[in-house]
Structures are given as structure tokens and as C-alpha cells.
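Here are the chains, one letter per residue:
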Amino acid sequence: MPNVRAPKLEILELKDDFIKFILSDTDASVANALRRVMIAEVPTLAIDLVSFEVNSSVLNDEYLAHRLGLIPLRSVNPRYKKVADLKDFRDCDCDSHCSRCSVELALDVRYQTKRQQVALVEGGREGGMEAGMGEGGLPVNVTSADLVVTPDEDQQVWVEPAHYSSGAERDRLGDPSSGGISIVHLGPEQSIRLTAIAKKGIGKEHAKWSPCAVATYTNEPVITLNKEEHGKLSLAQKKQLIDCCPTKVFRLDERENVTVARPGKCIYCQECQALAKTLKSDPDDDPVVQVTANEERFVFAVETTGALTAGEVVEHALEIVLSKITEVQTQLVHIARTGVV
Amino acid sequence: MAPPSAENCSSGIKASNISNLGSNFFFTELADQLQEDVSKPVTDVADKWKLLPHFLQLRGLMRQHIDSFDFFVNREIKDIVNAASNRELRSEADPKFWLRYTDVHVGEPSVDDDAYVSSRVTPFQCRLRDCTYSAPITVDVRYTRGRQIVVKRGVMIGRIPIMLRSCKCILAGRSEAELAEKKECPYDPGGYFIVKGVERVILMQEQLSKNRVIIEEDNKGNVSASITSSTHDRKGRSNIFVKNGTKVYLKNNLLGDDVPIVVVLKAMGMQSDQEIVCMVGDSPEMLDAFAPSLEEPYHLGICTQAQALRYIGAKIRNTTQNRGPGPSGMGFAFYRRASSPEEEAREVLASVILNHVPVINFDFRTKCIFVCHVIRRVLLTHRDRSQLDDKDYYGNKRLELAGQLLSLLFEDLFKRLNVQLKKQADQGLSKPNRTQSFDVIKCIRTDTITNGFIQAIATGNWKLQRFRMDRQGVTQVLTRLSYISCLGMMTRINSQFEKTRKVSGPRSLQPSQWGMICPADTPEGEACGLVKNLALLAHVTTDEESEPIRKLCFDLGIEDVTLLSGAEINASSNYLVFLNGLIVGCHSRPLRFVRLLRLLRRKGLVAEFVSVCLHEVQRAIYIATDGGRVCRPLLVCEKGVPRLTNMMMRQLSSGLLTLAELIRCGVVEYVDVNEENNCLIALAQTQLTVKHTHMEIDPLTVLGVVAGLIPYPHHNQSPRNTYQCAMGKQAMGTVALNQYERLDSLLYAMVYPQKPLVTTRTLDLVNFNELPGGQNAIVAVMSYSGYDIEDAVVLNKASLDRGFGRCLILRKHQTSLRKYANGAADNLRGPPEDTAAACSGMGGEPSAAQSNSAGAYSIRRDPRLRRFEALDKDGICQVGERLENGSVMINKESPISVADLNMGSGADPTPFKPTPLSYKGPAPSHVDQVLITSNEGGDLLVKGSADATAYGGTVTGRGVAARRNGA
Ligand code: SF4
Ligand SMILES: [Zn+2]
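Residues numbered from 1 in each chain as written. Chains lettered and ligands numbered in written order. Predicted model: local features only at pLDDT ≥ 70, side-chain atom pairs only at ≥ 80, totals over all residues. Heavy atoms only, no water.

For chain B, an unreviewed UniProt entry supplies the name DNA-directed RNA polymerase and the organism Nannochloropsis salina CCMP1776. UniProt annotates chain B under Sequence similarities (unreviewed entry) with the comment "Belongs to the RNA polymerase beta chain family." (UniProt positions renumbered as here; feature names shortened; annotations may be inferred.)

An unreviewed UniProt entry annotates chain A as DNA-directed RNA polymerase RpoA/D/Rpb3-type domain-containing protein originating from Nannochloropsis salina CCMP1776. According to the UniProt record, the Sequence similarities (unreviewed entry) comment for chain A is "Belongs to the archaeal Rpo3/eukaryotic RPB3 RNA polymerase subunit family."

Dropping the structure here:
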């Protein structure tokens, strides 16, 4: 069959919270569908309901609830339980929420206790700082690390706040007991006590459920050097060409020829083409360099919030796209079979 | 305007400058300097804009308001009380009785808890408690009680509202921590008043200057010199004008008719025509022009002083108005009413007409010379209209500040108090047989002054009949939409011109406003150009003692004008010297005189705000020490080199030198609009030539506080800057650091305000980074069809979800529980109990566990009672409860009859009617805070604020004010 293509996927870079891959042999429609599903339809867990018992911090309840909602939550052990295994709270037959459709978290921080903890940690690190720090009145930072997740019916704590989007980030910033995501600063005599219900949802409803911080694609650039014109260039002009590119796509090789060293870095800024126009010795000449987009190859870059790993996001997104198509298919089959629309 | 250039010039220093530097600098630094810069010939001051923070540190942002208030409470109030007409109180009933004020003080801010106790108070308490932040005014008096002479100190006569951060305010000079302790925002500029819990600003009022001659064309096309005379005793206005193009007349309200000017001169003792002509000018052209006026008296048959006086005496309007309201004596009599018309005319000429020219013991010499000079100028202008004064020229304007307005008000109230006292004294003393000797002090009613001040500031109506003053809108509520709106309001200048006037003159931008008035910040529409804003470094002067300057003038070689003949005065080699509009004398070497006087000022021997201006056309030197002039600091240059050196800059930044010292040693000086005419000011160092006398500190100082926020204003079309000035004030953000505690009637607070990515130097100076307004948006500009609606932005939903443009709206609702004259009082009542629940026995125990849920439980049954859901047992809503349209927030009930004094005192239950405070609003909100306090009247005050979160984009009626970044 002519024109039949099977989309391919090649991974260029994979980290916990970042993936870069090329989706090829397909159209923008498919690529965009994948991108949008990754952003808006991969389900995750996020705090949705907060009941405050005490809040004497400087931020008001609405403010805090919003900040809590934006904290990414992830499954501790996806083999035990995944976010996807939770029921949608709208489909669940419980009253408002239960352990089948939600996870409960609690936050109970008092300035005094937290201050002592911090003083201990700091004291330990810096070799016994003065213990009087607790009364010093320095504010303490309440972070995602202070959130306590209530165990499920099997006494398992299977959800944790994603203090860092990746292991690399954690290594860089230190352990969550002192780090994590800031929620609020507490001053002396202030405290917070609240319970929060995290539910499953998708980014379409609220961005807090989106697993992606960034999900983009771009067409793979095709940069062609015109051999003939290239030959006409002086060394200075070649240097000029190389220097004009802000992302250093070109390089001068040992035989003083311009080569396209890192085509993937091109950002379509058109600088080189503008320069190529001026480098022409004759207006009818072809330009020495041409940048075009390969309309069949899409370079994706996806960065996650830490709620899911980047790999999971792509995997789930593909599943969802597939299930949507299958859904259409089953309905079509149904209609064909019964004749009922 | 050039972009603020970041010249990184050489940090050179000329060897000869080192001697000027004083002794206090590091020698090591000196050594470094010498080594690195010997080759550099001329000092180049790098980063002279760094002086700006020092200016703001020295003067503060709102210094003009505070200075003027300080001046009033420290000096002017004493002058008023000590003025001849106010100082002493006598009674007609008893000639032996007198009361003399010896001194007056303004105390510490306090609030009266009840009739006997007053306690110290912070401004923040006043805001919350709807009180007035005021301090008692006390006087020291000597008076007679019976036969005794009594001396009393600290007698309170009333309260005066205190300007925040003024010298009498408890916040003056406090550190940030101390301010925080008083719940005050450290970035708050002060300069406003708190009256009944409302922050009010007395706007600066722009006026034509007093006691100056302004030659203008009146509405008949005649050349007319209008002179507004103003002294502590009387304010009036006279015109000397050429009537029908021939004869010169004097016009004054007190005179029924225009009086020929030569008659006036004759009445003042200048009987000889020869003398008059000499004084006015004896050039042939002058003679021709003046001849008709000179003939005039002879047609009227007036040759002698007595005749002239009689003529004028007959023209004096015989109204009681001249004598002021109230009985004579303590009233506002402008002059003593004399027996004959001649004497009366003499009195009027001495103390009413042109009363700012002093006449001592009827020695009219100075006044004659002044009048002749005015005639001369009028006649000269009549011949050559190009000499007309420009009314819109900013040197002819004076800004009236809070201090001046309050001093007028105080003078009026104080006089009123004295009239009251006198009446009481008359009554008390005229009683035939008194058991006790009459004690005036007990008659002092403090609320005359207290309420007078509060009334005026709270309404903004300055209605002082005594001074023929009736102004509305003098004060305005300080807008707390954002920090910038608050700052912008404090620099605002109101003009006295009526807004309906279609004239363009006073509205247009005057070149003389450069550096004094912000060229961009003015409202659109009817007030355009009439409401202005001060530029960043502009300063408004306060009154200065003029006597020392006068003496100094004589020391500098001025010849006393009264000793000179007309020929000498008008000699072409002589310059007349004016001090605050009065002729002091003549000088034959004006340039030298001006240079010396300026030199003395730069040496710090003359007050820094004294201005000296040489007017070549009028052949006059004008010296001004009066208040209300706008001036600005400039760098002094000599021979094309600024006196400011890099070494000084370094010493400034390391704290070895202060700006005040720089001013004292003449490196920087304040120059007012008039003196600017004698200056050649370079914009930048590169433009300096030998002729330049001054250099700008930085071009950015031509803009005001609000316009200073605009990045790259010089790349914008000019009206865009004006629009941005109006919009920048509306930007939502942070109001003050104490914004959530302030309980403003409406607060828009942005949840995530951001520091601007593109800042201006002004922004750093006004602490905008600490109290930012708005957020940095990443905007893609699309030029293709689809979403290209003009002036619209498509917002990314995920950004909104994550908090972009999210804001909190807090609205205050308050009510007070009043006590009524009949002893009844408003009541608070808990939520009505469910009738059904009460029957089933539940009504018996809604006590112990009536917390959040249990209390609501009993109510929720009955849908009619749903609106009471938010209430706590005490009838006040609970923090955190949800309020819907119609929900009761404070369940108040008031007695039905409040007038009936016969009501049994507690015997039968007073019938009450419900007067609840309900929540109204389409969207539900939550109770954020509840405050229960008492106001000055002792009434209980319940305030609460409810908040609603709004998402950016859904906030209607508020556009997105974009602070575009140029290019
Ligand atoms: S388009 Fe821009 S980024 Fe791409 S190769 Fe040319 S210069 Fe480099
Ligand atoms: Zn459930």
C-alpha cells in the first residue's frame, strides 16, 4: 500500500522528570493530540478539598488551599497502587469521598515544635548551634514535607508529596526534611491544622491535575548547506555564518568547511538565512544555507511536575489516545451491527 | 529626554579639589585616587543619579506636606496666638478684666476615652476604632479672676488632627521594627490625617502668589496691576490700572469707586506733582503717558492732602462688613473707626489698601514709592504690551499646603473661640452680685476648635467667612487601591481654577514647570492640566524669616529706598531690590550683589531656600523667602566643572558625608522657578560649558512618582505616558505591609504580586519592589486574524489555575451599637432558635457544644432560618463562615422608641425591632475577620471583613493595566 506509514518513536533523552523523543512518520494532528492529552488528560492526584481547623498563619484559607492543591502527589510504589487505580470520585458510590476514590492528608504544624525541629537539624549540621534559636522568632517554613498522608485500608501509605520533581533535583537541594515545596512561613505563636482530601482528576478541569510542567513539540529542523555556494565563501564569511547562529548549530571542521554540527539545536530564528542573503555574490544565486522544517518528524520535550515520571506520562497519554479511538471504534461497530444511531 | 545613561565615566578627581573635601576621608583612598587618576584632567561625576536616594532619605517622599505641618505646629500656631488681634481678650462689662495668651503648645496624640480620661493612641488604633488621630492644643494664660492675676499653664483649648509622620506624630523617626510593633507599614509615606477612622489628605492648592504685582490685561483690555495683599491681619486685593487707555486709577473693594491714583498719592502725603513725576519717571514718554492722570485731581479740585483724604473718605463703603463679624474689640476689625472721614481715609490707606506694605505711624513714604513703582510699570506695559506678566508662569504660583490651610482654619477657630469667651465673660461679669469671682478658664469649650478641625478635614469644606474663603474639596480620602495610588495622591496639586473654564492657558504645560511638575501625570477630561503632580525632587518651601535677609541686603550695599529721590530710584544705573514683593532699596552693582548673596547662601549663611533672581527687563532683583514656592535641587557648577566630585559620591555612599552637608557647602543647591531664569543648566556632563551654572542631578527627576514607573517613557507617544499614569494607580497588588490588618472598606489584594522584571530607578526609590503591583506576564503578540480583537488578551487557563492574576477582594461591613438618649441601646441577639427543635427539647441545651457544626445543626432544619446560619451565639458572624446574598452578618436589634424619655427604666421590656446587617452580593463569600471595638463616643463598634477570591480575567470592570516594556 502506498503512503501508509507507521508512526515511530525514538527517545533522545530520558530522566525522571524529563523526556525528549522524536515522533516520526506522522502528522501534526497526531502529534498535537498526543501533546494535548499529556497536558490535559493524563490523570493524577491532587488535593481538592481542604478543611481548616486552625489557621493563624499570615495567608488566608483560600490562599493556602490553592497552594496545597498545586503540590504534586505521586504513588510511592506504582506496583502496589497507581493513581490510575483510584476511582473517579464522581463515579464512586460513596457519599463524598472514601479510600477507593481519594487519599487523605493532614497538616499540623505549630511554630514552636517546628522551630525546635529546625534548630535540631541546623544544630546537627553546623555542629551544635545555640539551642536558644527556638525563641529567636525567626519564621519557619512549612513545606510539603510536613504533610502527613493517612494510610489506606491496608495500612499502606502509598502516596507521597513529590517534594522534588526528580532524584537529581533532590540530590541538588538536599533531603525533604529541610526542603520540599514551600507552603507558608509561620511566625511565633502561629499554627496550622487542616485535613486535605486528594482526588484523582485531569488537567482539563484544573491545572493542578496536569502532570506536565511543559509539553512541547517542534518540527525537526532540516538545515541544508549548498555545497556550490559554500565553496564561494571566504573564511571570514564562513566564520560570520558560524557566529551568527545563536545556538551554535554550525561548526568549522578541520578543512575549514562549515558543517552542520548540531541541527537539533536550531530554533528557527532565521538569522542564518538572513545572513545568507547578504552573502550572495549574485542575487540570483541560491542561498548558502537553508533552514526548513521536517513536517513528518516531531521533537517532543516533556517535563513533569513529579506527579508521574516523564516516561509514564507519555505511556499513559498514548494509552488514552488509543482508548479514545477504541471507543469510537466500538461505537461504530455497534452502530453498524444494530443500525441504531 | 535622554535615556538614563549608564555612563561609566572615569572616576577621576582633580588634585585641586582635594582641599575642598574636608578632613574626614580615608587617606588610603586618597592615595589610590591620586595614583589612578593623575592623568585624567577633569572630574567626571559618574552615576550622579545615586544622589537621589540621599535626597529621598533627607527629605522623604512626602516631605513637603510634613514640613509644612511641622512649620505650622511649631511656629505658625504661636504667631497666630501671639498676633496683636488675638493675644488679648477684654470685656466690655468689666474694664479691669483681661485674659492674655502667653504661649501655645501641641501635645501628644491621644484619644479621649471619656470625659476625664484620655490615653495615648497609635494611628493604627485610630483607623480601626474610627477615631481621630489628634493631639490637644494647650495654651499658657494670664488672666484676672476677681482681683487676682492668675497664671495657668497647659489649658486645653481643643484638639488638632495630627499629620502622620510629622514631628508631633508618634511614628516620627521610628525604626522599621518599632513601626511594625505599632502595626504600621514602614513604607507608608505619611503626610495625611486620620479623621473618624478615614485617611484624608489635604491636597496641595495652587494659587497666584501673594504680595506680588502681576501686570495683566483685565477683561476690558486695560493694563492692570493686580496686587493681592496678605498679612496676618488682613487679606485684600487692589488693582492699579489704566482706565480707557488714558488715566490711572486704583480699585479696591473697600472704595465704592475707582479713585484716581494721583489723588491717592496726594492723600498719602505726596502733594507735589514734581515729586510724583520724579518717582514715576520723568522721561518724555513717561510724562506724556502720565500727564492725563496728573491733571485729574485738579479737575476734581484736589490739591492738598486734606482734600484728597476727604475725597477718599467719602468713597469708603460704609458697611459693617469691614469691621468683621462679631462685636468690636475681639472681632476682626481691620482698622479703628475714626471720627472724621479724613481720619478714616488715612486709616484705610495705611492699613487696608495694599496692606502688605507696612505703614508705621502714618509714614507713607514706602507705600508711595511702591505705588509709584507700580504706576511706572503699568504705564510702561501700557506702551509695550510684551511686558505683561504671564499668569501661568510657575514663578508666579504658590502652593498652599496642609500647614497653611490648617493655620487659616486655626486662626478662624481661635478667633471664634475668643468671641465665644468674650460673650461669656460679658455675661458672667455683668451679673450684679456674684457669689464667686468669675473664672474665664472654666468657660473654654474645647469642641469649638476640635469639631471645627474635624468638620473641615472630614468634609473638605474650608468655609472661612473671615478670610472670604469658601472652598470645597480641599481634602480627599486617600485612595488605597495600590501603594502607587497612595503615593500619587500625596504629590497631587489642585488648581483653584474652575474646571468648567474652557481656557487653555492654565491647563497647558509651561516651560517653567520643568523639573517642578510632572509633565505626564495629569488626569484626562475636565481636570486635565489643572490637577498636576509634583516632580520627584521638587520641594515646596515654607515661610522663612525675612528680617535677617533685609539686614543682610543693607550690609551688601543696598541704599534704603526711603532715603532716595525718584530720580535716583529710576536711574538707569540702578536696580531696585525687592524682598518678598516689597521694595527694599537700590543697588548700582546688581550682578555683584546677586553673586554675593548666592555665595552666602552656598556658604550656608543664608537659608537654603532663599531665592535671588535678577530681572534685566524690569531692572530689578527679586529676593523671595516666602513659603509655597516650588524649587528643586541642582548641582552647582563653576567654570564648567561641577563642584560635586567622585570622592564626595564615595563618601556619601560610605556614610562619611551627608547630603545636608553637601547642601551646606554649596555643592548642591535648591533653586526655585524664578532663580532658574538666571541659570544655565546642563542636562549631562558632556554638555557642560564654561557658561553653565548648574547641572541636572538626573533627567529622570522631571517625572513624578507615578510617571517614573514607566519603563522607557521617552520611547512612547506622549499621551501614552499620561494614560499609564492614570492606569498605574489602578494596578492591583499590595497596598501596604499591614494590608490584611487595616480593614479598609475595600481591599483588592493580589495573591502573587511580583517585582517588575523591567524596573526604573524611580521604582527602586519608592520601594515599589517591596510593595509591588501586578505581575509579569509573558505575552505573545499575534498579528494574524483570529484573536486579534483590539485591546484584548487571551489568557492561558492553566496559568489562571496556577494563580496568575488571582486576587482577594476584602470588603468591610460595620455597624455600631448605639446608646440612645433615653437610656435604651442597640442589642445583639443570637440566631433565632428553630421553633420545631425547641419543642422537641433541643432548645434547652444549645449551650456547651454550640460550636461550628452543632449550632448550625439546629438551625438548618428550617429554610427560613438559613440566613442566620453564619451567626454565632452572640449574634456576630463566625470567622470562616460562608455568606450568601441575604445572610445576616450582625444580628442587631434597635429599640423602637429612642426619643421617649418617660420610658420606664428597665421596668417593662423595651420593644425592639430587628436591624440586622446583612450581606449583599451576587457571589458568596467568607468571613475573614471580626473586630469588636469601641469608637470615641464609647459606642461598641463591630467590623468584619468578608473576602471573595476572584480569578484573573473574571474580575469585571477592571482592565488589565499593562505596563508595556518599550521597543
Ligand atoms: S535558523 Fe537560527 S538557530 Fe537555526 S541554524 Fe539558522 S541561525 Fe541557527
Ligand atoms: Zn469513594
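Here we take up the overall build of chain A. The helix and strand tally for chain A stands at 8 helices and 14 strands. At 27 Å, chain A has a C-alpha radius of gyration far larger than the 20 Å of a compact globule built from 341 residues. When its C-alpha atoms are laid out on the principal axes, chain A stretches across 80 × 75 × 35 Å. In chain A, buried positions account for 40% of the 341 residues. Considering only contacts in chain A between residues 6 or more positions apart, those separated by 24 or more positions represent 73%. Only carbon and sulfur atoms are counted for the fraction: they give 52% of the accessible area of chain A, which is about 18,700 Å². Within chain A, one finds 39 positive and 51 negative side-chain charges whose respective centroids are separated by 3 Å. (Helix = DSSP H or I, 4+ residues; strand = E, 2+ residues; numbered from the N terminus. Rg over C-alpha atoms; globule rule 2.2 N^0.38 Å. Buried < 20%, exposed > 50% of the residue type's maximum accessible area, 1.4 Å probe, protein only. Contact = heavy atoms within 4.5 Å. Areas by Shrake-Rupley, 256 points an atom, 1.4 Å probe, with all protein chains shown as cover. Lys, Arg positive; Asp, Glu negative; His and termini not counted. Charge placed at Lys NZ, Arg CZ, Asp CG, Glu CD.)

Time to look at the state of the cysteines. Residues and elements named next belong to chain B. Following the criterion strictly, the structure yields 0 disulfides over all chains and no others. There is no disulfide at C131, and the cysteine sulfur nearest it, in C126, is 5.3 Å away. By relative accessible area, which is 0% here, C131 ends up buried. (Disulfide = S-S within 2.5 Å.)

All names here are of chain A. Within the first shell, the zinc ion (ligand 2) binds the protein through C92 (SG), C94 (SG), C98 (SG) and C101 (SG), at distances of 2.1 to 2.4 Å. Bound by 4 donor atoms, the zinc ion (ligand 2) shows angles of 103 to 121 degrees at the metal and therefore tetrahedral coordination geometry. All donors of the zinc ion (ligand 2) belong to a single chain; written as a sequence motif, their spacing is C-x1-C-x3-C-x2-C. Considered together, C94 and C98 belong to a single accessibility category, that of buried residues. (Donors = N, O, S within 2.8 Å, 3.2 Å for Na, K, Ca; no water. Tetrahedral: all angles 85-135°; square planar, octahedral: opposite > 155°, others 65-115°.)

Moving on, we come to the packing of aromatic side chains. All chains considered together, the criterion is met by 14 aromatic pairs over all chains. Ring centres 5.5 Å apart and planes at 15 degrees place the aromatic pair F410 of chain B and F414 of chain B in the stacked group. Of this pair, F410 of chain B and F414 of chain B both sit in helix 13 (residues 402–430), 4 residues apart, which is roughly one turn of that helix. In terms of burial, F410 of chain B and F414 of chain B fall into one category: buried. Following the ring pairs from residue to residue traces out a cluster consisting of F69, F72, Y101, F193, F410, F414 and F453 of chain B. The cationic tip of K199 of chain A hangs over the ring face of F89 of chain A; the distance from NZ or CZ to the ring centre is 4.3 Å. A cation over a ring is seen here: R100 of chain B above W98 of chain B, with NZ or CZ 4.4 Å from the ring centre. (Phe/Tyr/Trp six-rings, centres within 6.5 Å; stacked < 30°, edge-to-face > 60°. Lys NZ or Arg CZ within 6 Å of the ring centre and 35° of its normal.)

Glancing now at the UniProt feature "domain: RNA polymerase Rpb2" (unreviewed entry) in chain B. Under the feature "domain: RNA polymerase Rpb2" (unreviewed entry), the UniProt entry names residues 210–400, 476–540, 577–638 and 661–691 of chain B. Measuring from the first to the last C-alpha atom of residues 577–638 of chain B gives 26 Å, for a span that is 21% helix and 45% strand.

Note on soluble globular proteins: their nonpolar side chains tend to be buried together. All names here are of chain B. Membership of the largest hydrophobic core comes to 156 residues, with the highest contact counts inside it found for L51, L99, L406, F410, W462 and L662. In terms of residue count, helix 13 provides more of this core than any other element does, 12 residues in total. With 59 residues, the next largest nonpolar core counts I240, M286, L349 and V561 among its residues. (Core = buried A, V, L, I, M, F, W, Y, C linked by side-chain atoms within 4.5 Å.)

Below, the discussion takes up the packing of helix 10 (residues 305–315) of chain B against helix 11 (residues 341–351) of chain B. The relative placement of two packed helices comes down to the angle between their axes together with the axis-to-axis distance. Residues and elements named next belong to chain B. Close contact between helix 10 and helix 11 brings their axes to 7 Å; oriented N to C, the two are set at 85 degrees. Overall, the two elements helix 10 and helix 11 adopt an arrangement that is roughly perpendicular. Judged by residue contacts, A306, L309, R310, I312 and G313 of helix 10 engage P341, E342, A345, R346 and L349 from helix 11. When the residues that make up the contact of helix 10 with helix 11 are grouped by side-chain class, the tally is 6 nonpolar, 1 polar and 3 charged. (Axes fitted to C-alpha atoms, helices over the stretch in contact; angles between N-to-C directions. Parallel < 35°, antiparallel > 145°, perpendicular 65-115°, else oblique. Nonpolar A, V, L, I, M, F, W, Y, C, P; charged D, E, K, R; others polar.)

Residues and elements named next belong to chain B. When strand 1 (residues 88–90) meets strand 2 (residues 98–106), the two strands line up antiparallel, connected through 3 bridges. Note that in strand 2 the partner of E88 across the bridge is R100. Note: strand 2 against strand 5 (residues 134–145), 7 bridges, orientation antiparallel. Bridge pairing in strand 5 links H105 to T138. (Pairing = 2+ DSSP bridges.)

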